[in-house]
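# Structure at a glance
Below, each chain spelled out in residue letters.
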Amino acid sequence: MDMETILNRKYQMDDYGRICNIRDLYSTFSPNVDLEALKNSAFFPALQEMMEVVLDTPDERSPEVMAYWAKRGMVKEFHGMDNVTDWDDYEKKYGYRWNAEKYGLKQNEHILWNSFVPVSAFRPENKDRKYPLVFALHGASNGQFLVEGWGFVQEAAKREWIVIIPSLQIDAFLMQILEEAKKLYPVDNDRIYVTGFSYGGWCSNRLGNLYPEVFAAVAPCGAPMDNGYMEGDSEDREPLPPFDGKPRALEKDLYMPILNVYGECDGNRFPVYRFKGKRFGLSTMVCPQDILDGINSWARVNHAKELTLESTMALETAENATLAEKQTGIAAPCQESYVADGVQYHMLGLPSEDGIVRTALLAEMNIPHWPTPEMARRIFQFFSHFSRDPETRKSVYHAQGF
């Protein structure tokens with residue numbers, strides 16, 4: 001398929017039915033992207049392969065979609081259509097409710113969740129086998145189906161992991177869904193993870209701060225890592241109760257591994273020393289120190305050395321700075337620069353006191369606010385190194401992964 005045909009392929013962007021094409025992501029929506037550089041690389045063919053299941057706007061329940069996942073060894077199942085969201089009860093418990101008139105999202109009417117389970121989990125010979133589980137969270141107003149084109153389920157299929165894509169990403173509902181999933185499927189309670197993009201990335205960050213004993217690792221994407229502080233919001237697509245911004249991992253003396261993935265052209269966050277301020281969804285950042293504060297919140301959780309503003313700002317004129325330091329503005333002790341699908345990536349790590357990197361960032365050069373194939377690959381690789389001790393809930397590191 002030629003490049004122009006790929007760029008013109010369409011998908012449904014949100015729960016309101018808006019249709020977009022791939023080209024808009026790298027031009028209209030993100031004019032600062034060097035589109036020609038991406039067109040002259042292997043990026044768009046790889047992106048098309050990642051998004052194939054959602055392109056040309058098929059129905060998520062169509063035989064073609066079900067066959068797509070069956071071919072990859074995954075059984076897709078739908079849950080929650082009989083579970084009407086009780087917003088009256090939610091308001092009594094938390095003081096907030098969904099503004100249905102302002103945000104007429106059908107996905108908020110029921111506590112829906114779609115599961116993707118390896119076919120091997122249904123075989124009698126595997127009755128004692130347990131499977132890692134990953135929550136994959138959507139962006140603001142994005143439908144559940146779009147997440148199937150973000151690479152998470154494809155990577156899980158290769159590893160035979162379970163994936164859950166929920167419609168509502170409110171803490172209480174996600175914990176409810178997790179308990180339901182454990183009753184239905186052979187979930188490994190020590191290897192549960194959460195990732196997501198944009199608003200889903202912010203929710204991943206919040207969940208990692210709130211439930212370190214539940215999740216073995218988290219990976220917020222398209223959203224900055226921070227301490228999850230929130231005053232409470234009843235005027236958004238999903239009404240969330242407040243969070244005091246105190247990472248529970250510190251209170252419980254637990255490591256909470258995190259990988260943050262972000263694109264260079266997503267708000268001009270990189271290099272940090274030139275950052276001039278932008279509101280990132282539910283996180284407000286206006287200067288380099290704000291970005292560092294978010295990273296350092298997780299550095300403290302994972303007993304890693306914090307980044308300083310002085311060292312960050314010095315990178316702009318440092319003659320001996322590495323390519324990663326120049327392009328990201330982050331002086332991380334552990335660095336890996338490489339090219340995948342024609343895109344430059346920088347993997348940056350802040351090692352804990354034992355030398356293990358539990359606080360990591362993947363910077364994607366010339367990439368806007370949209371997932372990349374490499375994003376999912378690195379997330380699952382990162383997740384594979386961490387689990388929870390079944391009794392103490394301490395973080396366990398697996399050098400070879402699993």
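The structure under discussion appears in the preceding block.
Residues numbered from 1 in each chain as written. Predicted model: local features only at pLDDT ≥ 70, side-chain atom pairs only at ≥ 80, totals over all residues. Heavy atoms only, no water.

### Let's talk about the overall build of the protein chain
For clarity, the cut-off: Secondary structure elements are defined from DSSP: runs of H or I of at least 4 residues count as helices, runs of E of at least 2 residues count as strands, and each element is numbered from the N terminus. Here's how the labels work: a residue is buried when its accessible area is under 20% of the maximum for its type, exposed when over 50%, partly exposed in between, all with a 1.4 Å probe on protein chains only. The contact criterion used is simple: two residues touch if any of their non-hydrogen atoms lie within 4.5 Å. All accessible-area figures derive from a Shrake-Rupley calculation using a 1.4 Å probe, and residue coverage is judged against the displayed protein chains alone. When charges are counted, Lys and Arg are positive and Asp and Glu negative, with His and the chain ends excluded. Charge coordinates come from a single atom per side chain, which is NZ of Lys, CZ of Arg, CG of Asp or CD of Glu.
A tally of helices and strands in the protein chain yields 15 helices and 16 strands. Principal axes of the C-alpha set define a box for the protein chain whose edges measure 60 × 55 × 50 Å. Looking at the protein chain as a whole, 59% of its 402 residues are labelled buried. When contacts within the protein chain are restricted to residue pairs at least 6 apart in sequence, long-range pairs at least 24 apart make up 68% of them. When the accessible surface of the protein chain is split by element, carbon and sulfur atoms take 49% of a total near 16200 Å². Computing the positive centroid from 42 side-chain charges and the negative centroid from 58, the protein chain places the two 2 Å apart.

### Some thoughts on the packing of aromatic side chains
Stated precisely, the cut-off is as follows: In summary, the pairing rule links any two rings of Phe, Tyr or Trp, Trp by its six-membered ring, whose centres are within 6.5 Å, and it sorts them by plane angle into stacked for under 30 degrees, edge-to-face for over 60 and tilted for everything else.
If you walk through the whole model with that rule in mind, you get 24 aromatic pairs. Pairing Phe135 with Phe215 gives two aromatic rings, centres 6.5 Å apart and planes at 75 degrees, and the pair type is edge-to-face. Of this pair, Phe135 sits in strand S5 (residues 131-137) while Phe215 is found in the loop between helix H10 (199-210) and strand S8 (217-221), placing the two residues 80 residues apart along the sequence. The exposure class assigned to Phe135 is buried, which follows from its relative accessible area of 1%. Taking the relative accessible area as the measure of exposure, Phe215 reaches 1% and is therefore buried. Connected via pairs of aromatic rings, a cluster forms that spans Trp87, Tyr90, Tyr94, Trp98 and Phe173.

### Quick look at the sheet that holds strand S3 (residues 74-79)
How we decide: The criterion for strand pairing is that DSSP finds at least two bridges linking the strands in question. Angles run from 0 to 180 degrees between N-to-C directions of axes, and those axes are lines fitted to C-alpha atoms, restricted for helices to the stretch in contact.
With mixed pairing, ten strands are arranged side by side in an open sheet as S3-S4-S6-S5-S7-S8-S9-S14-S13-S12. The open sheet terminates on both sides in strands that have one partner only, identified here as S3 and strand S12 (334-340). Taking each pair of neighbouring strands and ignoring which way they run, the sheet shows an average axis angle of 15 degrees. Where S3 lies against strand S4 (residues 113-118), six bridges are found, and the strand directions are antiparallel. Paired with Lys76 across the two strands is Phe116, which belongs to S4. Here helix H5 (residues 63-71) sits on the sheet in contact with S3 and S4, set at roughly 135 degrees to S3. With respect to the sheet, H10 is in contact with S5, strand S7 (187-197), S8 and strand S9 (258-263), its orientation differing from that of S7 by roughly 140 degrees.

### Remarks on the pattern of salt bridges
Heads up, the rule is: Salt bridge, as used here: a side-chain nitrogen of Lys or Arg that lies within 4 Å of a carboxyl oxygen of Asp or Glu.
Applying the stated criterion across every chain yields a total of 27 salt bridges. Across the pair Asp188 and Arg191 runs a salt bridge, and its minimum N-O distance is 2.7 Å. Here Asp188 falls in the buried class, since its relative accessible area comes to 13%. Given a relative accessible area of 18%, Arg191 falls into the buried group. Between Arg358 and Asp354 there is a salt bridge, and its shortest N-O distance comes to 2.9 Å. Under the relative-accessibility criterion, Asp354 is labelled partly exposed at 42%. Through salt bridges with shared partners, a single ionic network connects Glu4, Arg23, Glu36 and Lys39.

### Structural notes on the pairing of S12
Along any regular strand, the residues point their side chains to alternate faces of the sheet. Two strands pair when backbone bridges link them, and S12 and strand S13 (residues 343-351) are joined in this way by seven bridges, in the antiparallel orientation. Across the sheet, residue Tyr338 finds its bridge partner in S13, namely Tyr345.

### A word on the environment of Tyr11
Along the chain, Tyr11 falls in strand S1 (residues 10-12). Owing to a relative accessible area of 0%, Tyr11 belongs among the buried residues under this scheme. Separated by 117 residues in the primary sequence, Tyr11 and Asp128 have C-alpha atoms spaced 40 Å apart. With near-sequence residues (within four places) excluded, Tyr11 lies in contact with Arg18, Ile19, Cys20, Asn21, Ile22, Leu25, Met51, Val54, Leu55, Thr57, Leu146 and Trp370.

### Overview of unusual backbone geometry
Note the cis peptide between Phe270 and Pro271, where omega equals -10 degrees. Within the secondary structure layout, Pro271 lies in the loop between S9 and strand S10 (278-280). With phi around 75 degrees, Ser141 is a residue other than glycine that occupies positive phi space. Notably, Asp253 is not glycine yet its phi reads approximately 55 degrees, a positive angle. Within the secondary structure layout, Asp253 lies in the loop between helix H11 (248-252) and S9.

Spatial relationships are all this shows, so hold off on functional conclusions.
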